[in-house]
Amino acid sequence: LAQALSRGMPEKEMRIEVVADMAQRVSDRDPVCALKGTTAGLCLVIPQEMPAFICRHLDVAHDPDEASREATAGQLLSEMSCAPSDASVAYRSGRRWVRRYQPVELPAPSVADLPLRERGLYLITGGLGNLGLTIADALVKQCKARLILTSRAGLPERSEWNDESAPWRKDFRIDLRVRLVQDFERRGGEVLVAAVDAMDAKSMAEVVGLAEQKWGPLRGAIHAAGVMSGSGFQSLQGLGAEGCEQLFGPKIQGTRALAEVLDKRNADFCLLVSSLSVVLGGLGNGAYASANAYLDAFAAGRRAGAGATRWLSVNWDQWNFEGDEAARGSALARLAMTPAEGVEATRRILATGELTQVVVSTADLEGRLAQWVNPAAKRRKPGLAQVEEAELHERPELEDAYVAPRNETEEQISQLWATLLAVERVGIHDNFLDLGGHSLLAAQLLARLRGKFRVEFALDDVFRRPTVAEQAELIAERSTSKSADDREASLKERLSKMSDAERRALLEEARRSRRDAR
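Residues numbered from 1 in each chain as written. Predicted model: local features only at pLDDT ≥ 70, side-chain atom pairs only at ≥ 80, totals over all residues. Heavy atoms only, no water.

Undergrad: Even after reading the chapter, I still don't get the overall build of the protein, so can you show me in this structure?
TA: Helix and strand counts for the protein stand at 17 helices and 11 strands. With the C-alpha coordinates of the protein rotated into their principal frame, the extents come out at 90 × 70 × 65 Å. Evaluated residue by residue, the protein yields a buried proportion of 45% over its 518 residues. Considering only contacts within the protein whose residues lie at least 6 apart along the sequence, 71% involve residues at least 24 apart. Across the protein, the centroid of the 68 positively charged side chains sits 4 Å from that of the 74 negatively charged ones. (Helix = DSSP H or I, 4+ residues; strand = E, 2+ residues; numbered from the N terminus. Buried < 20%, exposed > 50% of the residue type's maximum accessible area, 1.4 Å probe, protein only. Contact = heavy atoms within 4.5 Å. Lys, Arg positive; Asp, Glu negative; His and termini not counted. Charge placed at Lys NZ, Arg CZ, Asp CG, Glu CD.)

Structure below.
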């Protein structure tokens, strides 16, 4: 729907209201349909990538009573008649609920506080990824754990692990993983590495059963399987079913498969590795936020009873592993946690015993919500409706000298930049990022370029062509292409309205014209 509406390149604000039931858990009595929970993640990203849109998620009680449904309908109509002030709202028994986050201080746990058993058996899906291996290392250190580490690819045969001349040694990642597993075992842990798709419930059950025959009952699980690259991470305008399925598979199907395995066992806990994108969204995170929102809803929907497995979801901020993009100086590096900090946070979360969802934010969460999510704050933010009134600043000293616009298109783009970035003048070779541009402003620039020039413009284009001159060239290219497409569409429409006789007469006229021209 957002893709279709954005193709019209709206210049005025548009609102999308998403109404669902059983998508959120407000009270312990609420049933939760985790699949419906996915919509909440997407609702955050749509207005971030398409600033012309306000998107709000409204959740109502699942009530079979007709009178209650009529009352709920009235509440929804009233809600939608007002300007949105919250990104997510729930109605229960005539009451309006808004999600808020409360900071909690989790003390350092003692060994007795942790739900970890000495020499216990633990399953980590995605166990050969950076996060999975980090948690595996901590479990070996804490309780000499016996581990099941699953991944799609697995590792080479154990018989080859001591062969320093094996061909796979040339692959640094495989070599490092083998050496890490060997280190776990030297330190007292025991490890079963299995090449299993987390979505395959039958194969997962077989692997767990094999480990239990050898080491005893499964005591806990960490679901860290997921995809962190590929076509699922792109702007909503280019996102398709294939990209969504890449991310939904391990997060959604994988969680359901894991539940099948754990429902037949008496494990102490299952920790779902979710993401802060569920809370803050993020450019390019439409599918990712939706997939992780499923994990949160799934954990919320699992009832804790006597002897039942405790399910909890953790919305992690970024972890900074050696070799990551963040480790090479990106803006996120300043907020990312070290592996040691992530492990300590995991220990404290596991020791709480009663929480089913924990949000881990390394910066002030309310401030980040106000910047990224709150619809009311969005209207007050510089760069949107009030940007024209903002005080303009002098152009900073840049490596490239100032070059004035050479034509009307460059002049119009330069003015858009100046207004958005609050800079007095913008040269055609100035870089958007060097002038203070960032991802939020890029999304706003994208909306203005599309509205002004009526051509398709993707978020990636702002960063791939980050100067006024380059964006003017792109607009010229796409305007020419659009004109040709418009002419073809007009001709097709004209032909569709003609009778067969009129088409034959037109065709004969064209043939005569060609003969006369020769």
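Undergrad: I tried to follow the nonpolar core on my own but got confused; where do I start?
TA: The nonpolar side chains of soluble globular proteins are, as a tendency, buried together. Ile-46, Leu-123, Ile-148, Leu-262 and Trp-311 are the most contacted members of the largest nonpolar core, which totals 45 residues. Taken together, the elements giving at least two residues each to this core come down to helix H2 (34-49), strand E2 (53-60), strand E5 (121-125), helix H6 (201-215), strand E8 (218-223), helix H7 (241-262), strand E9 (269-275) and helix H9 (286-301). The element contributing the most residues to this core is H9, with nine residues. (Core = buried A, V, L, I, M, F, W, Y, C linked by side-chain atoms within 4.5 Å.)

Undergrad: How should I be thinking about a negative patch on the surface in this particular structure?
TA: A cluster of acidic residues, Asp-63, Asp-65, Glu-66 and Glu-70, forms a negative patch at the surface. Here Glu-66 shows up in helix H3 (residues 66-80). According to the relative accessible area criterion, Glu-66 is exposed, its value standing at 51%. (Patch = residues over 30% accessible without salt bridge, like charges linked within 9 Å, V, L, I, M, F, W, Y side chains within 5 Å. Areas by Shrake-Rupley, 256 points an atom, 1.4 Å probe, with all protein chains shown as cover. Salt bridge = Lys/Arg side-chain N within 4 Å of Asp/Glu carboxyl O.)

Undergrad: Honestly, the pairing of strand E4 (residues 95-98) in this entry has me stumped. Any pointers?
TA: Where a strand is regular, its side chains alternate between the two sheet faces. As paired elements, strand E3 (residues 88-92) and E4 share four bridges and run antiparallel to each other. In the sheet register, Tyr-91 faces E4, and the bridge partner there is Arg-96. Linkage of E3 to E4, two consecutive antiparallel strands, is achieved through a turn of two residues, within which Ser-93 is found at a positive phi near 50°. (Pairing = 2+ DSSP bridges.)

Undergrad: Teacher, can you tell me more about the sheet that holds E8 here?
TA: Strand pairs in the sheet, formed through backbone hydrogen bonds, run parallel or antiparallel to each other. Overall, parallel pairing links the seven strands, which are arranged E7-E6-E5-E8-E9-E10-E11 in an open sheet. Both outer strands of the open sheet, strand E7 (190-195) and strand E11 (357-359), are each paired with one neighbouring strand and no more. Strand-to-strand, the axes of this sheet are offset by a mean angle of 15°, without reference to chain direction. Where E9 meets strand E10 (residues 310-316), seven bridges bridge the pair, whose relative direction is parallel. (Axes fitted to C-alpha atoms, helices over the stretch in contact; angles between N-to-C directions.)

Undergrad: Hey, could you run me through the packing of aromatic side chains in this one?
TA: The relation between two aromatic rings is expressed through the spacing of the ring centres and the mutual angle of the planes. Tallying each qualifying case throughout the model produces seven aromatic pairs. Aromatic side chains Trp-316 and Trp-319 sit 5.1 Å apart centroid to centroid with 80° between the ring planes, which places their arrangement in the edge-to-face category. For Trp-319, a relative accessible area of 6% corresponds to the buried category. Among the aromatic residues, those joined into a cluster by ring pairs are Tyr-294, Phe-298 and Trp-311. (Phe/Tyr/Trp six-rings, centres within 6.5 Å; stacked < 30°, edge-to-face > 60°.)

Undergrad: Hey, could you run me through the side chain of His-57 in this one?
TA: Mapped onto the elements, His-57 comes out in strand E2. Given the relative accessible area of 1%, His-57 is considered buried. A distance of 2.9 Å separates polar atoms of two side chains, one belonging to His-57 and the other to Thr-39. When neighbours within four sequence positions are excluded, His-57 is seen to be in contact with Val-18, Ala-20, Ala-23, Gln-24, Thr-39, Ala-40, Cys-43, Ala-87, Ser-88 and Val-89. (Polar contact = N/O pair within 3.5 Å; in protein donor to acceptor, adjacent residues only side chain to side chain.)

Undergrad: Please clarify how the confidence of the model for the protein should be interpreted in this entry.
TA: Detailed reading of the predicted coordinates is not advisable wherever pLDDT falls low. For the protein, the mean per-residue pLDDT works out to 87, and 91% of the residues sit at or above 70. Counting interchain partners and residues more than four positions distant, the pLDDT-below-50 stretch residues 380-389 has 20 contacts. (pLDDT = per-residue confidence, 0-100.)

Undergrad: Please explain the pairing of E7 as it appears in this structure.
TA: As defined by bridge partners, strand E6 (residues 146-151) adjoins E7 across six bridges and the pair is classed as parallel. Among the inter-strand pairings, Thr-150 is bridged to a residue of E7, identified as Ala-194.

Undergrad: Would you explain the environment of Ala-145 in this entry?
TA: Assignment of secondary structure puts Ala-145 in the loop between helix H4 (130-143) and E6. Take Ala-145: its relative accessible area is 0%, and that puts it in the buried class. Ala-145 sits 23 residues away from Tyr-122 along the chain, and the two C-alpha atoms are 7.0 Å apart. The contacts of Ala-145, once residues within four sequence positions are left out, are Gly-120, Tyr-122, Leu-139, Val-140, Gly-189 and Glu-190.

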